[in-house]
Amino acid sequence: MIELYYWPTPNGHKITIFLEEAELEYQIVPVDISAGEQFKPEFLKISPNNRMPAIIDDRPTDGGEAISVFESGAILQYLAEKTGKFLPNSLRERKAVSEWLFWQVGGLGPMAGQNHHFGQYAPEKIPYAIDRYVRETNRLYGVLNKQLEGKEYIVGEYSIADMACYPWIVPYEKQQQNLDEFPNLKRWFESVRSRPAVIRAYEKGQPWMSQPTITEESKKILFGQTSKNLS
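These numbers come from a predicted model, not from an experiment.

What follows is about the packing of helix H1 (residues 10–22) against helix H6 (residues 160–169). Close contact between H1 and H6 brings their axes to 8 Å; oriented N to C, the two are set at 140°. Here H1 lies oblique to H6, going by the angle between them. The element H1 and its partner H6 pack so that their crossing is right-handed. Along its contact with H1, which presents Pro 10, Asn 11, His 13, Lys 14, Ile 17, Phe 18 and Glu 21, the element H6 presents Ile 160, Met 163, Ala 164, Tyr 166, Pro 167 and Trp 168. Classifying every residue of the contact of H1 with H6 gives nine nonpolar, two polar and two charged.

Next up, the structure:
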């Protein structure tokens, strides 16, 4: 059984997509980030960066005691290695999947996240910041569009690279992007969106999607963190 500490954000969706695709048994433990539940001491024990998602696997492959994993990219890699699914065995293909997984966690996610922040949540609209991150998001869409030329998925076969990237493209309108400008990416996006496991994964988040994540109080929680929040 996998315990998934989760909230319906792009990083949360990455993990439900994998779990649904791999047909692993799992239980969702909601972590209401707008209420500050990510700062609870019991959660910090498994996610010291006070970010969800995180997992606890009570049946690790080494047969030992339960193991926890934090950071969405690390979780995808761990689950792929655990199940032998969605991560190629060949050296070169495995290398390529890792490159695009880290491209997402180091590039697409952070840049799109700043795009969201300055475009939607910042108390002061700063044109330079908004333009900076909208343009960088656009550049990254172009990088992915080029990679997808002549390919059904990012690295040939469907993999954890696709699962990592897709949820960060879902809010493309909020990121001020037009998928029609990126035909390869748009084709890929529609293909991934239609997968039954992806549909199920997003349905799993519905019970919490209607809750207002961003209020004035939650902004203080989400965007006012310092090292004191870790104590």
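Anyway, onward from the coordinates.
Under the UniProt annotation, the feature "domain: GST N-terminal" (unreviewed entry) is placed at residues 1–87. Strand forms 21% of residues 1–87 and helix 33%; the C-alpha atoms that close the span are 21 Å apart.

So, about the side chain of Gln 177. Position of Gln 177 relative to the elements: it lies in the loop between H6 and helix H7 (183–193). Not counting the four nearest positions on each side in its chain, Gln 177 is found in contact with Asn 115, Val 134, Thr 137, Asn 138, Tyr 141, Tyr 172 and Phe 182.

Attention shifts here to the environment of Glu 23. Its location among the elements puts Glu 23 in the loop between H1 and strand E2 (26–30). By relative accessible area, Glu 23 is classed as exposed at 69%. The spatial distance from the C-alpha of Glu 23 to the C-alpha of Ala 197 is 8.7 Å, given a sequence separation of 174 residues.

One open sheet holds the four strands; their spatial order is E2-E1-E3-E4, and the pairing between them is mixed. Each edge of the open sheet is held by one strand with a lone partner, namely E2 and strand E4 (67–70). This sheet shows a mean twist of 20° between the axes of neighbouring strands, independent of strand direction. Across four bridges, strand E1 (residues 2–6) lies against strand E3 (residues 54–57) in antiparallel orientation. Looking across to E3, one finds that Tyr 5 is bridged to Ala 54. Here H1 sits on the sheet and contacts E1, E2 and E3; the angle it forms with E1, its principal contact strand, is near 155°.

This part covers the packing of aromatic side chains. Going through the model one piece at a time under the given rule, you end up with 13 aromatic pairs. Between Phe 86 and Tyr 158, the ring centres sit 5.7 Å apart and the planes meet at 85°, which makes this aromatic pair edge-to-face. On the criterion of sequence distance, the pair formed by Phe 86 in the loop between helix H3 (72–83) and helix H4 (91–121) and Tyr 158 in the loop between helix H5 (127–147) and H6 is long-range, its members being 72 residues apart. Tyr 158 shares its class with Phe 86; the two are buried. The rings of Tyr 166, Tyr 172, Trp 188, Phe 189 and Tyr 202 are connected pair by pair, giving a single aromatic cluster. The ring of Tyr 158 has Arg 195 lying over it, and the distance from NZ or CZ to the ring centre is 3.6 Å.

Cut-offs applied
- Residues numbered from 1 in each chain as written.
- Predicted model: local features only at pLDDT ≥ 70, side-chain atom pairs only at ≥ 80, totals over all residues.
- Heavy atoms only, no water.
- Axes fitted to C-alpha atoms, helices over the stretch in contact; angles between N-to-C directions.
- Helix = DSSP H or I, 4+ residues; strand = E, 2+ residues; numbered from the N terminus.
- Parallel < 35°, antiparallel > 145°, perpendicular 65-115°, else oblique.
- Left-handed = near helix turned anticlockwise from the far one by under 90°.
- Contact = heavy atoms within 4.5 Å.
- Nonpolar A, V, L, I, M, F, W, Y, C, P; charged D, E, K, R; others polar.
- UniProt positions renumbered as here; feature names shortened; annotations may be inferred.
- Buried < 20%, exposed > 50% of the residue type's maximum accessible area, 1.4 Å probe, protein only.
- Pairing = 2+ DSSP bridges.
- Phe/Tyr/Trp six-rings, centres within 6.5 Å; stacked < 30°, edge-to-face > 60°.
- Lys NZ or Arg CZ within 6 Å of the ring centre and 35° of its normal.

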